[in-house]
Amino acid sequence: MSARVDALLERMTWEQKLLQLQIVWRADTAIQHDLARRGIGAQFWPPSVAAVNALQRVAVEESELGIPLLVALDVVHGQFTIFPTPLAQAASFDPAVAAADARVSAAEARANGVNWTFSPMVDVTRDPRWGRVVEGFGEDVFLSSRFAEAKVRGYQGDRLSRRDVVASCLKHFVAYGAAEAGRDYNTTDMSHRRLRETYLETFRAGVAAGAASVMASFNALNGIPMHANTGLLTGVLKDEWGFAGVVVGDADGVAQLVDHGIVPDEKTAVARAIEAGVDVVMGGSLLVDDDGVAVLTPGELSPARVDDAVRRVLTLKERLGLFENPYADERREVRSATAPARAHARAAASRCLVLLRNEGAVLPLARGAQVLLAGPFARSTDHLGAWVQSFASPVSQTLADALAEAMTDAALEVADGADVFAVSEEHLADVVGRAARADVVVLAVGEPSALSGEASSRADIALPAPQVRLIRAVAATGTPVVIVLATGRPLVVEDWVDEVDAVLVAWHLGVEGPAAIAEVLVGRTNPGGRLPMTFPRAVGQVPIHYDHESTGRPPRTGGRIQGEAHPGLAGPDNTDDYYTSKYLDLPLGPRFDFGAGFGYTTFALGDVAFGRVVALADLEAGATIDVRVRVQNTGTRVGDDVVQLYVRDEIASVTQPVRRLRGFTRVTLEPGDATTLAFTLGADDLRFWTDDGTQLLEPGAFTVWIDDGVSRVHARFELTQREDAA
Ligand code: GLC
């Protein structure tokens, strides 16, 4: 600890210490200034540098101790310059995309006086009904962990006192994405093994990457609301992982312990939360009331715990350099997306699109083609996605504008009048008539940003029915149809996807989204994204994820088993394997798998080659197993392949996923070029958790798959106890 922090602690009264542990949510300027004068520790960003400096000046010059403020904002995928949503970024399978967002956003935010962002959200989830899937990096713990690390490092740089970085905040700790029924804020309940294996891991990775803070989640986990969960907030996060930063409660999360029914009142709630390991309470004035009186006495709240929390807050302020430089430089204020920032956002967006279907190579659009653009996203500006503040810069152009610019040598016609939730008979007839005369129809459809994000779970994750009507009517004309699918989550596309020729998932790509989509449509960009989340065939399959366990009744072949379909149901044609884990009314498996996607060229994967397969003891001592594979661009265009490495522990003392992602590389290759990619497998890649809280690494056979979303090669290696037996 620094001498300054110790000296301040010595001087602080009980009330002053408790005030440092509050950030009041929804406060107007007068209240913010009054709280700053009394010595509150943190505030939400007032919307200008002048306002931030005025507030900071009150804290520094008018309060007794002059302690500067933490100034916080949810800069989740941009402040003024909006990048693709985090789920879209994960589809790039390129953590450099997330790092670029974090770096550009941090510089923009710090220039505006923000020094603490409530981001990255690193909640793994396997349930696309949950609206907050859009804020995270999808269903896989390995992919999400790599993106969590990239964002923490991007936001924080090499030291927090830089004038272009902000303190990051891993959220929402923990297992928030496992809400039962996909309903936001709902109960979560799981085995210790599942908690460790799937939900805690991204936070462990983020803490190891140096995250300055962590936010507690709203959910109860195994009966203990996270804002009162001593075992995880203190036991795991602070004691086991050595986290020395700040734990901040979520908005009113402490007060909501009353609603959870574990405390009778807010006074008890805040005592329980601080003792459990929450350091800063976000919400009303729960620790010190509006008259400046401490709600709890030192006899009701441990002074040692309070001192520890205050130390964490003051240390973060010191690391941010706020004692030396509390004010933002008004000359560096950024009030809109700058051209360089837009360029970074566009480069990011171009890497996030996922091509899932392209029958007859209808994409890229043929030169000279007569193209009809229709659908509610044709002239929409709704590409920014969830977690966007009102001051964010709007998209610079619609898809219609961008496509007109990009299609230098073909004719574009735009059918206006579509709506996300409605389609008139006149509009339908108009589009169908025009489609019949076009060479190809691009239908820009999807889910508006408002249907994903916080408190935005959906029980039905299909496209709004009027859009499905439009798709099917246009497909019935026989003119090739390209679907551009804007969405905040995986959608059920089962009732139209086989009737169209191409499907390009465009997520919500941010301020430069339309331009990025247009470039892919005309082939100036070769799409290289892959799915970070499974697309189910039906919402009834959810939760559904690729790293499922085998069960004792898996399908006995690689997928569809020959035989008569069950009478009257569109189920799996596997009557000779009736007693397998399946649905009577659905084919086996998802519509599109995690990691799926392809582009405008083709790739060939060579055989898997292993380096020396070391013995188990060597792995435990830090040795690794090298895995190499050759990949070649066998097509006619430069393009990106996303080569993914999965492993399966074939026989283990607890059931294992049928495969787990343990490596991925996105590589760009010119036509005909080839390269050999190298992956390494270490003990951590092969260990697994048991439900009694231990991690095991066991000898035996492991299958390794190399998969690029289109083809798959695999091999096996034997992990033995001893070197000589290898
Ligand atoms: C919200 C969100 C959290 C956000 C906080 C502050 O309720 O759950 O992600 O950081 O409030 O805006």
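In the block above lies the structure referred to throughout.
My aim in this report is to walk through the structure given alongside it, one point at a time. (Residues numbered from 1 in each chain as written. Predicted model: local features only at pLDDT ≥ 70, side-chain atom pairs only at ≥ 80, totals over all residues. Heavy atoms only, no water.)

## A short note on the overall build of the protein
Link 1 in the chain: Helices and strands together make up the secondary structure of the protein, namely 19 helices and 25 strands.
Link 2 in the chain: The proportion of buried residues among the 726 residues of the protein is 61%.
Link 3 in the chain: Across the protein, every contact between residues at least 6 apart in sequence was considered, and the portion connecting residues at least 24 apart equals 76%.
Link 4 in the chain: Within the structure as shown, the protein displays about 25,700 Å² of accessible surface, and the carbon and sulfur contribution to it stands at 50%.
Link 5 in the chain: Put simply, the protein has 68 plus and 95 minus side-chain charges, and the middle of one group is 3 Å from the middle of the other. (Helix = DSSP H or I, 4+ residues; strand = E, 2+ residues; numbered from the N terminus. Buried < 20%, exposed > 50% of the residue type's maximum accessible area, 1.4 Å probe, protein only. Contact = heavy atoms within 4.5 Å. Areas by Shrake-Rupley, 256 points an atom, 1.4 Å probe, with all protein chains shown as cover. Lys, Arg positive; Asp, Glu negative; His and termini not counted. Charge placed at Lys NZ, Arg CZ, Asp CG, Glu CD.)

## Quick word on helix H4 (residues 49-62)
Link 1 in the chain: Its 14 residues give H4 an end-to-end C-alpha distance of 19 Å, which sits within 8% of 20 Å, the value for a rise of 1.5 Å per residue.
Link 2 in the chain: Buried residues belonging to H4 abut helix H3 (29-38), strand S2 (42-44), strand S3 (70-73) and helix H6 (95-111). (Expected span 1.5 Å × (residues − 1).)

## Quick look at the nonpolar core
Link 1 in the chain: Residues Phe118, Phe173, Val174 and Leu287 are the most contacted members of the largest nonpolar core, which totals 100 residues.
Link 2 in the chain: Tallying contributions element by element places helix H7 (residues 141-156) first for this core, with seven residues.
Link 3 in the chain: One finds Val133, Val423, Ala518 and Leu521 within the second-largest nonpolar core, a separate group that totals 90 residues. (Core = buried A, V, L, I, M, F, W, Y, C linked by side-chain atoms within 4.5 Å.)

## What about the site of the ligand?
Link 1 in the chain: Near the ligand you find 13 residues, and of these Asp74, Arg132, Lys171, His172 and Asp250 are the closest.
Link 2 in the chain: One of the side-chain nitrogen or oxygen atoms of Asp74 is found 2.5 Å away from an oxygen atom of the ligand.
Link 3 in the chain: In the model, an oxygen atom of the ligand is placed 2.7 Å from a nitrogen or oxygen of the His172 side chain.
Link 4 in the chain: Burial of the ligand by the protein chains amounts to 95% of its free accessible area of 310 Å². (Near = heavy atom within 4 Å. Polar contact = N/O pair within 3.5 Å; in protein donor to acceptor, adjacent residues only side chain to side chain.)

## Some remarks on the environment of Ala392
Link 1 in the chain: As for its position among the elements, Ala392 is in the loop between strand S12 (370-374) and helix H14 (399-406).
Link 2 in the chain: A relative accessible area of 12% places Ala392 in the buried class.
Link 3 in the chain: Sequence separation of Ala392 and Gly39 is 353 residues, and the distance between their C-alpha atoms is 31 Å.

## As for the pairing of S3
Link 1 in the chain: Neither face of S3 is exposed, since Leu70 and Ala72 on one face and Val71 and Leu73 on the opposite face are all buried.
Link 2 in the chain: Here S2 pairs with S3 via three bridges, running parallel. The residue of S3 that forms the bridge with Gln43 is Val71.
Link 3 in the chain: Of the pairings in the sheet, the one linking S3 to strand S4 (residues 116-117) comprises two bridges and is parallel in character. Within S4, the residue paired with Ala72 across the bridge is Trp116. (Pairing = 2+ DSSP bridges.)

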